[in-house]
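Residue-level listing of the chains:
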Amino acid sequence: MVLNVAVIGSGFGGLGTAIRLKAAGVGNFALFERADDIGGTWRDNTYPGCRCDVSSNLYSFSFAPNPRWSNTYSYQPEILAYLHDVATTHNLRGLIKFNHDVTDISFDVSTNLWHLTTSEGEFQARTVVIAAGGLAEPRMPDIEGIGTFTGPIMHTAKWDHSLDLTGKRVGVIGTGASAIQVVPQIAPIVGSLAVFQRTPSWVMPHLGHDVRRRSMRLFKTLPLAQRLVRALGYWQRELLVLGFVKNPQRMTKGEQMSRDHLARQIEDPNLRERLTPSYRLGCKRVLISNDYYPAFNRDNVTLITDAIERIEPHGIRTKDDTLHELDVIIAATGFYVTDNPIGQKVHGVNGEQLGEAFRGEAANYKGTMFPNFPNFFMLGGPNTALGHSSIIFMHESQLHYIVKAIKFALLRGARIEPSAQAAQKWTKELQEKLPGTVWGTGCASWYLNEQGKNTTIWPDFTFKFRQETKLFDESDHEITV
Ligand code: NAP
């Protein structure tokens, strides 16, 4: 049977797509999930302290508010439980093909169908939605000798809960969003903790707090109250665009707040100095934590700022020729983002890889569609991620467009793809906005591709993206019936 839609992934993006397709009356579709459960990155990241740095009222579907969030910034187990609730409420599990690892998605010009190769067999679909997630493929550090270490090495996104860290000599590589959450959690139980920092992060005070029972009851009985809280959070975050995008000089105020936060928590001026970034706040992701800096005040935690030379059988050797002896190494080293491996698995009309477009070497349309990839859509495509707000808002915007386009294609039996002209215009205008933004102020970050081009972040207010994706614009597409 030929599917109307093949959706790849069952995290926030995949589940959101399924709900929107159902609501629009599109039937005969399936979600392909490589694991045996839903949840995407929120299923995979189970390291101690894993938590979302966007408030839960905003980091959730607009059409599925959760009045029971127990903290304003939820921890991973509660976010995963939320996704399970959503899947149950919307009766989605029967639509998901679990343990189906998609290895190839190619367009067949003779049938105008997408051909999917999976670990469980072959499938055909009229349209495809990739919802595989931008933070789905953990990146191990490319450090000489990594294979020679005799103890366990684990990535934060593949936490081994059977590994007892009690009393062990542990090294954490990286000081990004994952590291700052895991370090304070494991510091009290390990014997010693060496944190290997290549670049310090800007860290702001965390404003998260437990939600009172009274508020939960209010949100349940009066959903409008929760919608207002969500709206307030949304607009507060949109104001950040004035600094991130319009005038990065404005970030100096935030930098001072972060320096004050550091000064309040770390007394040692030398340590403070080594923890202070030298790039503009916002150029890399801004982090929030109240317990990261204090972890360095513990006797068993050491900040290592000498660069790593190599990994040896018994530890990590730094460039000053010190061997830091370790029992366990934790790689908090992020994900393949601009070079997400999903890009290598998708092939368009001429056999070209999606990866080229995704890396920013070819044009895309609204971060969602690509010339030569007919009836094909990507959630979290080029320049749709955010440094200041909730990615779920962007996904929902994309879904407005995607569902309209899919209905258009299915009803007419049409093949639709953005015209090269429309895609070039979109990509050019977007790239022209980027140099003046905070992400172009000269730091290395995972927002940039190998050529230093930002192919990840949306450089504007998110409501502008919502406007851009509201309607399916026939005139921007090549339509073959
Ligand atoms: P990340 O932000 O990419 O941080 C990776 C860290 O590893 C950086 O400090 C990086 O140093 C370091 N690193 C990478 N390779 C290295 C090497 N070879 N040698 C030494 N250091 C190396 O990754 P992440 O912390 O997993 O976070 C990724 C994204 O996931 C976040 O930005 C966020 O969007 C999301 N996330 C969110 C939360 C949350 O909501 N709180 C939590 C976790 C993750 P450099 O800075 O020098 O490159």
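Residues numbered from 1 in each chain as written. Predicted model: local features only at pLDDT ≥ 70, side-chain atom pairs only at ≥ 80, totals over all residues. Heavy atoms only, no water.

So what exactly am I meant to see when it comes to the overall build of the protein here?
The number of helices and strands found in the protein is 15 helices and 20 strands. Along the three orthogonal principal directions, the C-alpha set of the protein runs to about 70 × 55 × 45 Å. Each of the 481 residues in the protein was classed as buried or not, and the buried ones make up 54%. Nonlocal contacts in the protein, meaning residues at least 24 apart in sequence, comprise 72% of its contacts between residues at least 6 apart. Counting only carbon and sulfur atoms, one obtains 51% of the accessible surface of the protein, whose full area is about 20900 Å². Side-chain charges of the protein comprise 50 positive and 48 negative groups, with the mean position of each set lying 9 Å from the other. (Helix = DSSP H or I, 4+ residues; strand = E, 2+ residues; numbered from the N terminus. Buried < 20%, exposed > 50% of the residue type's maximum accessible area, 1.4 Å probe, protein only. Contact = heavy atoms within 4.5 Å. Areas by Shrake-Rupley, 256 points an atom, 1.4 Å probe, with all protein chains shown as cover. Lys, Arg positive; Asp, Glu negative; His and termini not counted. Charge placed at Lys NZ, Arg CZ, Asp CG, Glu CD.)

Honestly, the sheet that holds strand E13 (residues 308-312) in this entry has me stumped. Any pointers?
By way of backbone hydrogen bonds, the strands of a sheet pair with one another, either parallel or antiparallel. Taken in spatial order, the three strands make up an open sheet running E13-E14-E15, and their pairing is antiparallel. Both edges of this open sheet fall to E13 and strand E15 (323-325), since each of them pairs with a single strand only. With strand direction ignored, the average angle separating the axes of adjacent strands in the sheet is 25°. In terms of strand pairing, E13 meets strand E14 (residues 315-318) through four bridges, oriented antiparallel. What sits directly across from glutamate 312, in E14, is glycine 315. (Pairing = 2+ DSSP bridges. Axes fitted to C-alpha atoms, helices over the stretch in contact; angles between N-to-C directions.)

Please clarify how the packing of helix H1 (residues 12-23) against helix H13 (residues 391-412) should be interpreted in this entry.
Relative placement of two packed helices is described by the angle separating their axes and the distance separating the axes. Between H1 and H13, the shortest axis-to-axis distance is 10 Å and the interhelical angle comes to 40°. Relative to H13, the element H1 lies oblique. Relative to H13, the crossing made by H1 is right-handed. For the pair H1 and H13, the contacting residues are Phe12, Gly13, Gly16, Thr17, Arg20 and Leu21 in the first and Ile392, His395, Glu396, Leu399, Val403 and Ile406 in the second. (Parallel < 35°, antiparallel > 145°, perpendicular 65-115°, else oblique. Left-handed = near helix turned anticlockwise from the far one by under 90°.)

I tried to follow the sheet that holds strand E12 (residues 301-304) on my own but got confused; where do I start?
The five strands are arranged E7-E16-E8-E9-E12 in an open sheet whose pairing can be described as parallel. At either end of the open sheet lies a strand with only one pairing partner, and these are strand E7 (153-155) and E12. On average, adjacent strands in this sheet sit at an angle of 20° to one another, irrespective of strand direction. Pairing between strand E8 (residues 169-173) and strand E9 (residues 192-196): five bridges, direction parallel. Its bridge partner being in E9, valine 170 is matched across the sheet by leucine 193.

Sorry, what's going on with the environment of threonine 111 here?
Its place among the elements puts threonine 111 in the loop between strand E4 (102-108) and strand E5 (113-118). Of the residues examined, threonine 111 reaches a relative accessible area of 39% and is grouped as partly exposed. Separated by 94 residues in the primary sequence, threonine 111 and proline 205 place their C-alpha atoms 56 Å from one another.

Got a minute to help me understand a positive patch on the surface in this structure?
Residues Arg212, Arg213, Arg214 and Arg217 make up a contiguous surface patch of positive charge. If you trace the backbone, arginine 213 turns up in helix H5 (residues 213-221). (Patch = residues over 30% accessible without salt bridge, like charges linked within 9 Å, V, L, I, M, F, W, Y side chains within 5 Å. Salt bridge = Lys/Arg side-chain N within 4 Å of Asp/Glu carboxyl O.)

Sorry, what's going on with empty space enclosed by the protein here?
One way to see where empty space is left: roll a probe the size of a water molecule over the atoms. Per the stated rule, a full pass over the model turns up three cavities of 30 Å³ or more. When its volume is computed, the largest cavity comes out at roughly 70 Å³. What lines the largest cavity is simply Asn57, Ser60, Phe61, Ser62, Pro65, Asn66, Gln226, Arg227 and Arg230. When grouped by side-chain class, the residues that make up the lining of the largest cavity number two nonpolar, five polar and two charged. (1 Å grid on protein atoms, 1.4 Å probe; cavity = no way out; pocket = protein on both sides within 12 Å on 5 of 7 lines; lining within 4 Å. Points joined across faces, edges and corners; volume = space filled by probe spheres on them. Nonpolar A, V, L, I, M, F, W, Y, C, P; charged D, E, K, R; others polar.)

Mind showing me how you'd approach the domain arrangement of the protein here?
Quoted interface sizes are often the accessible area lost when the parts come together. Segmentation of the protein into domains returns domain 1 (3-38 + 92-137 + 336-480) and domain 2 (146-201 + 239-331). For domain 1 versus domain 2, the distance between C-alpha centres works out to 33 Å. Contact residues are listed per partner, giving 16 residues for domain 1 and 15 residues for domain 2. Where domain 1 abuts domain 2, roughly 1400 Å² becomes buried across the two surfaces, and 68% of that area is made up of carbon and sulfur atoms. Among the residues domain 1 hides against domain 2, the three largest losses belong to His388, Val438 and Phe461. Together they make up 36% of the total. At the surface where domain 1 touches domain 2, the tally comes to one salt bridge. (Domains from an automatic or database assignment. Buried area = accessible area lost by both parts, 1.4 Å probe.)

Explain the pairing of strand E1 (residues 2-8) to me, please; I cannot follow it from the model alone.
Each regular strand displays side chains that alternate between the two surfaces of the sheet. The buried fraction of E1 is high, at six of seven residues. Of the strand pairs in this sheet, E1 and strand E6 (residues 121-130) are connected by six bridges, and their pairing is parallel. Bridge pairing in E6 links valine 7 to valine 129. Of the pairings in the sheet, the one linking E1 to strand E2 (residues 29-32) comprises four bridges and is parallel in character.

What should I look at first to understand the layout of surface pockets in this one?
Its volume calculated, the second largest pocket comes out at about 1300 Å³. Residue assignment for the lining of the second largest pocket shows that the elements contributing at least two residues are H5, helix H6 (223-239), helix H7 (241-246), helix H8 (251-265) and strand E11 (287-288). With eight residues, the single largest contributor to the lining of the second largest pocket is H6. Partitioning the lining of the second largest pocket into residue classes produces 22 nonpolar, 17 polar and nine charged.

Help me out: how do you make sense of H13 in this one?
Every α-helix carries 3.6 residues per turn, so stepping three or four residues along brings you back to the same face. Taking 1.5 Å per residue, 22 residues should reach 32 Å; H13 reaches 32 Å between its end C-alpha atoms and fits that length. Positive backbone phi, approximately 60°, marks glycine 413, located one or two places after H13. (Expected span 1.5 Å × (residues − 1).)

How do you make sense of the site of the ligand when you look at a structure like this?
Around the ligand, the structure places 23 residues, and the nearest of them are Asp53, Ser178, Gln181, Thr199 and Lys284. Between alanine 332 and the ligand, the recorded distance is 3.3 Å, taken from a backbone N or O atom to an oxygen atom. Summarising the interface, the protein chains cover 84% of the accessible area of the ligand, which totals 910 Å² for the free molecule. For the shell around the ligand, the element with the highest residue contribution is helix H4 (residues 177-186), accounting for three residues. Counted by class, the shell around the ligand contains 10 nonpolar, eight polar and five charged residues. (Near = heavy atom within 4 Å. Polar contact = N/O pair within 3.5 Å; in protein donor to acceptor, adjacent residues only side chain to side chain.)

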